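Next come the chains, spelled out residue by residue.
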Amino acid sequence: MSYQSDDKGYYGTFGGAFIPEMMYPNVHQLQNCYLEIIESDEFRQEFKQLLRDYAGRPSPLYYSDRLSDHYNAKIYLKREDLNHTGSHKINNTIGQILLAKRLGKTRIIAETGAGQHGVATATVCARAGLECIVYMGALDVARQSPNVEKMKMLGAEVRPVYSGNKTLKDATNEAIRDWINNPVDTHYILGSVVGPHPYPDMVARFQSVISEEIRVQLLEKTGKETPDYVIACVGGGSNAAGAFYHFLDDPSVKLIAVEAAGKGVDSGESAATTQLGHTGVLHGSKSLLMQTPDGQIVEPYSLSAGLDYPGIGPMHANLFVTKRAQFLSATDDEALRAALYLTQKEGIIPALESAHALAALEMIDFKPEDVVVVNVSGRGDKDMEAYLNYYQSIK
Ligand SMILES: *Cc1c(COP(=O)(O)O)cnc(C)c1O
């Protein structure tokens, strides 16, 4: 069985392109040419060079002595937090801006939750000299203000979205609406492995550099290319897709995806899609979604804006139903504790999203010889307010 998408963008029964007719021209253009462009030697060379010289790749694979001691396993941290702009998002935005230029697009739109994808998009637009508009839920604008300021300084226009619960889902709706109205000059840089085909496959390919590097780095450090576990948090699922990608077909590598349980899976305030969700269509693809019995989207909740999304990408829905990946969830509190622990033991302040992956270390019974890679998808600068509130509350 393949865990990659087929040429229609299906992962098993999930994926595809469920789009209104008005979106056909944009999406068809991408479907028809994305592979030929991004697989060409000339594209790959430019992409690789920018990842290295501009984003700072390869990101280090760091052996954590102290977490290894504590969890009684060999724990490695994949340091996506050290990338330019502070997360894995830059891998995808570099890829998509190169694609947009080759398609002759002059205007870029994006959605953002925590603001990491918005900043990464505004960054590559500044470099490319392209107009950039970022849709962001009004609640996220309020709770991620440092990233809003950065986007503005980078020359992007940030458009707050006041519909729904004013977070990522609503920003995505607005970006799709914009794209429908601007089919000729605009490219939509989607930030995760969600949306209609070809986005899930395209974004996964751009992020797959993460697992490509892990293989090389593990071989160097341990003499073996494959770990026993790869652990990553899942919002839409792009950092997890990148960290899993080159291990998907090797069943000896256990893949652990960690969702946000918010205030608890059964609290009514959570974003644990696989625990609560059912098959449905959102933002152009068929996947697992949090919805009411009559198909209305249930508003998600997580303290972490990057995980505050009611669905997961179709690749992950398929990994879940085929049991290729194990899905765990961590609450706000568990993530906050894990973030503080990493900070105090290793001097690394992780993003609140990444802290969900770290929290999973508490939930797994490792053997001492297990090699475990945790993807630290981003750094915690943007989350200092949440961290300080937590820190003061436990003192
Ligand atoms: C956006 C973001 C996420 C969640 O998005 P995925 O597509 O699931 O990776 C996770 N971590 C960080 C640091 C982010 O910025």
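In short, a report on the structure. (Residues numbered from 1 in each chain as written. Predicted model: local features only at pLDDT ≥ 70, side-chain atom pairs only at ≥ 80, totals over all residues. Heavy atoms only, no water.)

1. Some remarks on the overall build of the protein
Note the threshold: Every helix listed is a DSSP run of H or I at least four residues long, and every strand listed is a run of E at least two residues long, numbered separately from the N terminus. What the globule rule says is 2.2 Å times the number of residues to the power 0.38, and the radius of gyration is computed from C-alpha atoms. Remark: exposure states derive from per-residue accessible area (1.4 Å probe, protein chains only) relative to the maximum for the residue type, with buried under 20%, exposed over 50%, and partly exposed in between. Every residue pair with non-hydrogen atoms within 4.5 Å of one another is taken to be in contact. With residues, only the protein chains shown are counted as cover, and all accessible areas are computed by Shrake-Rupley using a 1.4 Å probe.
A count of helices and strands for the protein gives 16 helices and 14 strands. In terms of overall size, the protein behaves like a compact globule, its C-alpha atoms giving a radius of gyration of 19 Å where 395 residues would be expected to give roughly 21 Å. Referenced to the eigenvectors of the C-alpha coordinate spread, the extents of the protein come out at roughly 55 × 45 × 40 Å. For the protein, the residues scored as buried account for 61% of the 395 residues in total. The contacts of the protein with a sequence gap of at least 6 include a subset with a gap of at least 24, amounting to 74%. Summing over all exposed atoms, the protein offers an accessible surface of approximately 15,400 Å²; the carbon and sulfur share of this is 50%.

2. Some points on the sheet that holds strand β6 (residues 131-137)
Let me state the cut-off plainly: We call two strands paired when DSSP finds no fewer than two bridges between them. Lines fitted to the C-alpha atoms define the axes, with helices restricted to the stretch that makes contact. Angles between their N-to-C directions range from 0 to 180 degrees.
With parallel pairing, four strands are arranged side by side in an open sheet as β7-β6-β5-β8. The open sheet has two edge strands with one neighbour each: β7 (157-161) and β8 (186-188). On average, adjacent strands in this sheet sit at an angle of 25° to one another, irrespective of strand direction. Relative to β7, β6 runs parallel, the two being bridged by five bridges. By the bridge assignment, Ile-133 is partnered in β7 with Glu-157.

3. Some points on the pairing of strand β10 (residues 254-262)
Here is the rule we go by: Crossover handedness is defined by viewing with both strands directed away from the observer: a clockwise path from the first strand over the helix to the second marks the crossover as right-handed.
Extensive coverage of β10 is indicated by the burial of eight of its nine residues. Bridge count for strand β9 (residues 229-233) against β10 is five bridges, and the pairing is parallel. From the neighbouring strand, Ile-231 faces β10, where its bridge partner is Ile-256. Handedness of the β9-helix α11 (residues 238-244)-β10 crossover: right-handed. As paired strands, β10 and strand β13 (residues 325-331) are joined by seven bridges and run parallel to one another. Paired with Glu-259 across the bridge in β13 is Ser-329.

4. Some words on the sheet that holds β10
Here we have six strands laid out as an open sheet, ordered β3-β4-β14-β9-β10-β13, and mixed in their pairing. Every interior strand has two partners, whereas the edge strands, β3 (61-63) and β13, have only one. Taking the axes of each pair of neighbouring strands and ignoring which way they run, one obtains an average angle of 25° across the sheet. Against the sheet, helix α10 (residues 209-222) makes contact with β3, β4 (74-79) and β14 (371-376), and its axis sits at roughly 140° relative to β4, the strand it touches most. Sitting on the sheet, helix α15 (residues 352-359) touches β4, β9, β10, β13 and β14, and the angle it makes with β9 is about 145°.

5. Regarding the side chain of Thr-273
Of note, Thr-273 is situated in helix α12 (residues 273-276). Relative accessible area serves as the criterion here: at 0%, Thr-273 is assigned to the buried category. Beyond its immediate chain neighbours, meaning those up to four positions away, Thr-273 contacts Glu-259, Leu-288, Leu-289, Met-290, Tyr-309, Pro-310, Gly-311 and Ile-312.

6. Here we look at the side chain of Asp-308
Defined as follows: Pairs of N or O atoms are called polar contacts if they sit within 3.5 Å, as long as, within protein, a hydrogen donor faces a hydrogen acceptor (for residues adjacent in sequence, only side-chain-to-side-chain pairs).
Positionally, Asp-308 belongs in the loop between β12 (285-289) and α13 (314-321). Looking at Asp-308, the relative accessible area reads 2%, which means it is buried. A distance of 2.9 Å separates the side chain of Asp-308 from the side chain of Arg-143, its partner in a polar contact. Discounting residues that sit within four places of it in the chain, Asp-308 has contacts with Arg-143, Thr-167, Leu-168, Pro-300, Tyr-301 and Ser-302.

7. Some words on helix α9 (residues 199-207)
Most of α9 is tucked away: eight of the nine residues are buried. For α9, every residue scored as buried is listed here: Tyr-199, Pro-200, Asp-201, Met-202, Val-203, Ala-204, Phe-206 and Gln-207.

8. Remarks on the packing of aromatic side chains
Put simply, the rule is: Only Phe, Tyr and Trp rings are paired, with Trp represented by its six-membered ring, and only when their centres lie within 6.5 Å; those with planes under 30 degrees apart are stacked, over 60 edge-to-face, the remainder tilted. Only when the NZ of Lys or the CZ of Arg is both within 6 Å of the ring centre and within 35 degrees of the ring normal is a charge said to sit over the ring.
Counted under the stated rule, the structure contains nine aromatic pairs. Cluster of aromatic residues (ring-pair linked, three or more members): Phe-43, Phe-47 and Phe-206. A cation over an aromatic ring shows up here: Lys-263 above the ring of Tyr-301, its NZ or CZ 5.1 Å from the ring centre.

9. Topic: the packing of helix α1 (residues 24-38) against α9
Note the threshold: An angle below 35 degrees is treated as roughly parallel, one above 145 as roughly antiparallel, one from 65 to 115 as roughly perpendicular, and anything else as oblique. Two helices that cross are described as forming a left-handed crossing if the nearer one is turned anticlockwise from the farther one by less than a right angle, and a right-handed crossing if clockwise.
Orientation of α1 relative to α9, taken along the N-to-C sense of each, is 15°, at an axis distance of 11 Å. Here α9 runs roughly parallel to α1, going by the angle between their axes. Where α1 crosses over α9, the two elements pack in a sense that is left-handed. Packed against α1, whose contacting residues are Leu-30, Tyr-34, Leu-35 and Ile-38, the element α9 presents Tyr-199, Asp-201, Met-202, Arg-205 and Phe-206 at the interface.

10. What to know about the layout of surface pockets
Using the following cut-off: Buriedness of a pocket was judged along seven lines, with at least five required to meet protein on both sides within 12 Å; pockets are open sets of points on a 1 Å grid over the protein atoms alone, cavities are sets where a 1.4 Å probe fits but cannot get out, and lining residues have an atom within 4 Å of a point. Grid points are joined across faces, edges and corners, and a volume is the space filled by probe spheres set on the points. The residue classification treats Ala, Val, Leu, Ile, Met, Phe, Trp, Tyr, Cys and Pro as nonpolar and Asp, Glu, Lys and Arg as charged. All others, Gly included, are polar.
By volume, the largest pocket amounts to about 710 Å³. What lines the largest pocket is a set of 23 residues, and nearest its centre among them are Phe-47, Lys-48, Leu-51, Val-209 and Glu-212. Looking at the lining of the largest pocket, the elements that each hand over two or more residues are α2 (41-53), α9 and α10. In terms of residue count, the dominant contributor to the lining of the largest pocket is α2 (eight residues). For the lining of the largest pocket, a count of residues per class yields nine nonpolar, five polar and nine charged. Taken as a whole, the second largest pocket spans an internal volume of roughly 160 Å³. In this structure, the second largest pocket is lined by Leu-336, Ala-339, Leu-340, Thr-343, Gln-344, Ile-349, Met-384, Tyr-387, Leu-388, Tyr-390 and Tyr-391. Those elements that place two or more of their residues in the lining of the second largest pocket are α14 (332-346) and α16 (384-394).

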